[in-house]
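Descriptive analysis of the structure
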Amino acid sequence: MNGTSGANGHLGSKMNISDEDYKTYEKGVQVIDENKEFTPNLPTYLAIQNLISTGFNYHVVAVFGSQSTGKSTLLNHLFGTQFSVMDEAARRQTTKGIWMSRALDEQDHEQLVANREGGMTNNILVMDVEGTDGRERGEDQDFERKSALFALATSEVLIVNIWEHQVGLYQGANMGLLKTVFEVNLGLFLKDKSTTHRSLLFFVIRDHIGHTPLEGLKSTLMADLNKIWSSLSKPAGMEESEITDFFDFQFAALPHKILQPEKFLEETKALRTKFREGVDVQVLSDGSPIDDNNNGVFLPAYHRRIPADGFPLYAEGVWEQIVSNKDLDLPSQQELLAQFRCDEIAASCVAGFNEIIQPFEELSKKGGVLDGLGPAMKKALGEAVGGFEEAGGRYHKGVFGRKRDELRAGLEGRLRVLVINQFTALSKRGLAEFTEEITAILKKANSTAHAGTASYDFATVVDETRSKVVNAFITEASECYIAGPTAEWSSYEKELEGLQKDLDAVAGRLRGEEMKRLVSRLEKAIKVKLIEPIELEFRRMEDNTKEKGGLWDRVWNVWVGVVGDGVDTFLSRATSFNASEKERDVGAWKLKKKAWGVLKAKIDEEVHEGNLLLKLREKFEDRFRYDETGVPRVWKPTDDIEGSYTKALDATLKLIPLVSEMRLSNGQQPPLDEFLGDAPADYEEDLEELGPSKDEFEVISESKRIDLHQRFKRMADAVFVEAKRSTINGVAQ
Ligand code: GDP
Ligand code: MG
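Residues numbered from 1 in each chain as written. Chains lettered and ligands numbered in written order. Predicted model: local features only at pLDDT ≥ 70, side-chain atom pairs only at ≥ 80, totals over all residues. Heavy atoms only, no water.

1. A word on the packing of aromatic side chains
Per the counting criterion, the structure on display carries 31 aromatic pairs. Here the aromatic rings of F620 and F712 are separated by 5.8 Å at their centres, their planes lie at 85 degrees, and the arrangement is edge-to-face. Here F620, found in helix α18 (residues 609-625), pairs with F712, found in helix α22 (residues 702-732); they are 92 residues apart in sequence, far enough to count as distant. By relative accessible area, which is 0% here, F712 ends up buried. One aromatic cluster is present, formed by F620, F624, W635, Y645, F712 and F720 through successive ring pairs. Taking NZ or CZ as reference, K592 lies 5.5 Å from the ring centre of F675, over its face. (Phe/Tyr/Trp six-rings, centres within 6.5 Å; stacked < 30°, edge-to-face > 60°. Helix = DSSP H or I, 4+ residues; strand = E, 2+ residues; numbered from the N terminus. Buried < 20%, exposed > 50% of the residue type's maximum accessible area, 1.4 Å probe, protein only. Lys NZ or Arg CZ within 6 Å of the ring centre and 35° of its normal.)

Encoded structure:
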């Protein structure tokens, strides 16, 4: 164990350490002073104590407990240390900061008692920590937490010193402090499971009277510890951890030192022996014990695996981490007061806010626009935050500011939900109103409108209704606007944009429907306008003049004229709809196409078998039964009935091929394709729907023509026979 020269410089060399040094460190070294400064002297102390080059063969034990519970007394008895004990007469705090001292062994201890001198052979570093008793001064509590955590984090064994009557008392037994210390210890030092070490919590119950056996005290303490453990917040991945994953527990009780001094000495001696058991078990460099059969206090599993010469740096590092950890910072008394008062003030401000806002929150669940939300929420928020600022502004500035922001964020969060719902509801309502109003206007207009007459202007109606709806949205939505950097959510720009898009879509759809209606109205008008002129042309189908041409020239021209007018009307109305060029093209084309269908239907009607047969009969009889001057003929036997019959028959039969196919005087088919123009590019409707496109110009099919021919001939023949008979009858009379 003798320090050899070299490796550790003067620190490892016993020769360089003077008697003076021994004197300086007689009572150990103050590792951390009252100013939270870590000592630079720890390496020197370890060197003086011949510990610096012991590798892993040393132990660290610390004490935890309330102020003046005899901790220092206990350590001195167990380890032969000379920590200051509270002066019975002065009754003031004796230990400042954290002290560390090397233990004296049994034998040394006897000597020490005898002459306060002796060798040091036990490699146990004992830490005495300033007591804790929950005193008022925040500064002290801050130090308590930090020093307790330091003790827990660096030592293998933590002696928890506690009066028997403190057992089961949460506050008195420092359980609250233990909770914090466990929590931060878990977060800071036990993060990595693979390198996690265990520690022993050694409870020493003081002034044990004996009414409650140690077993009972033990189970009370364990129940408390488990409760603490389950309530502390654990880092991710450690939520399920148990206190026993990290700590072992042992319990001992000591009699009253003053009332039973002999017994006290006897039992501390036994305990002292217990703490020596296994102390000398050699630990290999990987931390494993050479001899595993060890049931003492300092089990190898508790060792931190820091070689002694690295211990000062390690301990300092732990301390730095603890000092710089915010979780351990205890607020000053002023801050505590501010927190308490600000919370109280905030609660009353929230209550006022609730009174105004809760009814809206209830209503909001049902959906729909919330009338008066804007002014109400501004009032509620203004009063709550304003009230808080007025009442809380006197308290600690930092705490006040933070609490105000928290309060505001909480309240804004609730308003945000309402406002977003409100925007949605306003937007929905605007869209519904718009659709409803335009539809109503259109319905009214359409019920009175005749083809082509415009009792309203679609584009104007849309524009007016649209701006009315948008303005209403803006007015109500902007009432919910809250200024300030945290309330960007209260601006309605995005929702407005969405509403406008929706309105455009509805307007477009309604315009499309309206244009469809216009087309079909115009189609009907065209149909009506075509009836008389077409019938007229068929009545005089055989006419053929230079100016007007034949039947089909006239029919075509009548149609082109009527349809042209219709298209003009359509286009001018479509322009007033604000329809796009494409929409107009499609509409006009559809109208022409449909009008062609109208014409074809009308022609079909004209050439319908009975109809046409009747017309042909009229034509035939005009020729056969009337003379050139239009006077009815009375046949005489001398008349050339056969000749007249043949002439009239031939002339009439010629009309059948004429009406069977549309062909202009120039021998061509009517220029339909030219008139219709190209079908619009991506015209979506099925073209078939608009009528047949094959044999556009055939009016009567070949077989029908033959049939017609025969039936007409038979009819003509009957007329002829009748004429013939009338002459015979005339002769007979
Ligand atoms: P510390 O502040 O926890 O370190 O306590 P000290 O060791 O300084 O002791 C505080 C006072 O309690 C001193 O007056 C001691 O004599 C006294 N004391 C020490 N041990 C015991 C004990 O076991 N029982 C009682 N009742 N008093 C003790
Ligand atoms: Mg003390």
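2. A closer look at helix α12 (residues 373-392)
In this model α12 runs 27 Å from its N-terminal to its C-terminal C-alpha over 20 residues, within 8% of the 28 Å that 1.5 Å per residue would give. Within α12, the full set of buried residues consists of L373, G374, A376, M377, A380, L381, A384, V385, F388 and G392. (Expected span 1.5 Å × (residues − 1).)

3. Notes on the pattern of salt bridges
Charged atoms that come close allow side chains of opposite charge to pair. In total, this model carries 32 salt bridges according to the counting rule given. Its salt-bridge partner being E606, residue K615 comes within 2.8 Å of it at the nearest N-O pair. For K615, a relative accessible area of 12% puts it in the buried group. According to the relative accessible area criterion, E606 is buried, its value standing at 5%. Connected via shared salt-bridge partners are E535, K602, E605, E606 and K615. (Salt bridge = Lys/Arg side-chain N within 4 Å of Asp/Glu carboxyl O.)

4. Topic: the nonpolar core
Counting residues in hydrophobic clusters, the biggest one holds 107 residues, and the most contacted among them are F538 and F624. Broken down by element, this core gets its largest block of residues, 14 residues, from helix α15 (residues 493-539). When residues no more than four places from it in sequence are discounted, the contact partners of F538 are L551, W552, V555, I603, E606, V607, K615 and V659. Of all hydrophobic cores here, the second largest spans 66 residues; its members include L149, L152, M175 and L188. (Core = buried A, V, L, I, M, F, W, Y, C linked by side-chain atoms within 4.5 Å. Contact = heavy atoms within 4.5 Å.)

5. A short note on a negative patch on the surface
On the surface, E239, E240, E242 and D245 cluster together into a negatively charged patch. Structurally, E239 can be placed in the loop between α8 (214-231) and β7 (247-253). A residue is classified by how much of its surface remains accessible, and E239, at 46% relative accessible area, is partly exposed. (Patch = residues over 30% accessible without salt bridge, like charges linked within 9 Å, V, L, I, M, F, W, Y side chains within 5 Å. Areas by Shrake-Rupley, 256 points an atom, 1.4 Å probe, with all protein chains shown as cover. Lys, Arg positive; Asp, Glu negative; His and termini not counted. Charge placed at Lys NZ, Arg CZ, Asp CG, Glu CD.)

6. A look at unusual backbone geometry
The backbone of N50 sits at a positive phi, close to 65 degrees, despite the residue not being glycine. You can see N50 is positioned in the loop between α3 (42-48) and β2 (59-65).

7. Some thoughts on the sheet that holds strand β5 (residues 157-163)
With respect to topology, seven strands assemble into an open sheet ordered β1-β3-β4-β2-β5-β6-β7, the strand pairing being mixed. Only two strands of the sheet have a single neighbouring strand rather than two, namely β1 (29-32) and β7. Neighbour-to-neighbour, the strand axes of the sheet open up by a mean angle of 25 degrees, direction not taken into account. In this sheet, β7 lies alongside strand β6 (residues 199-206) in parallel orientation, the contact comprising seven bridges. In the strand pairing of β7, S199 is matched with F247. (Pairing = 2+ DSSP bridges. Axes fitted to C-alpha atoms, helices over the stretch in contact; angles between N-to-C directions.)

8. Points about the side chain of R554
Within the secondary structure layout, R554 lies in helix α16 (residues 551-576). Among the polar contacts listed, one links the side chain of R554 to the backbone oxygen of D543, at a separation of 3.0 Å. In this view, R554 contacts E537, R540, M541, D543, N544, K548 and G549; residues no more than four positions away in its chain are not counted. (Polar contact = N/O pair within 3.5 Å; in protein donor to acceptor, adjacent residues only side chain to side chain.)

9. Observations concerning the packing of helix α7 (residues 175-189) against α8
Across the interface, α7 lies against α8 with an axial gap of 10 Å and an inter-helix angle of 50 degrees. Accordingly, the angle class assigned to the pair α7 and α8 is oblique. Of the two possible hands of crossing, α7 and α8 adopt the one that is right-handed. In this structure, α7 contributes M175, L178, K179, F182 and L186 to the contact, and α8 contributes L221, D224, L225, I228, W229 and S231. Along the lines of polarity and charge, the residues of the contact of α7 with α8 split into eight nonpolar, one polar and two charged. (Parallel < 35°, antiparallel > 145°, perpendicular 65-115°, else oblique. Left-handed = near helix turned anticlockwise from the far one by under 90°. Nonpolar A, V, L, I, M, F, W, Y, C, P; charged D, E, K, R; others polar.)

10. What to know about the pairing of β5
Of all seven residues that make up β5, six are buried, and the element is covered over most of its length. When β2 meets β5, the two strands line up parallel, connected through five bridges. Bridge pairing links V63 to I159 in β5. Pairing geometry for β5 and β6, over seven bridges, is parallel.

11. Re the packing of α15 against α16
Axis separation between α15 and α16 bottoms out at 10 Å; the angle between their running directions is 160 degrees. One element, α15, and the other, α16, form an angle in the roughly antiparallel class. Between α15 and α16 lies a crossing whose hand is right-handed.

12. Points about the confidence of the model for the protein chain
Per-residue confidence for the protein chain averages 83 on the pLDDT scale, and 83% of its residues sit at or above 70. Long-range and interchain partners of residues 134-138, a stretch whose pLDDT sits below 50, account for 11 contacts in this model, where long-range means more than four residues apart. (pLDDT = per-residue confidence, 0-100.)

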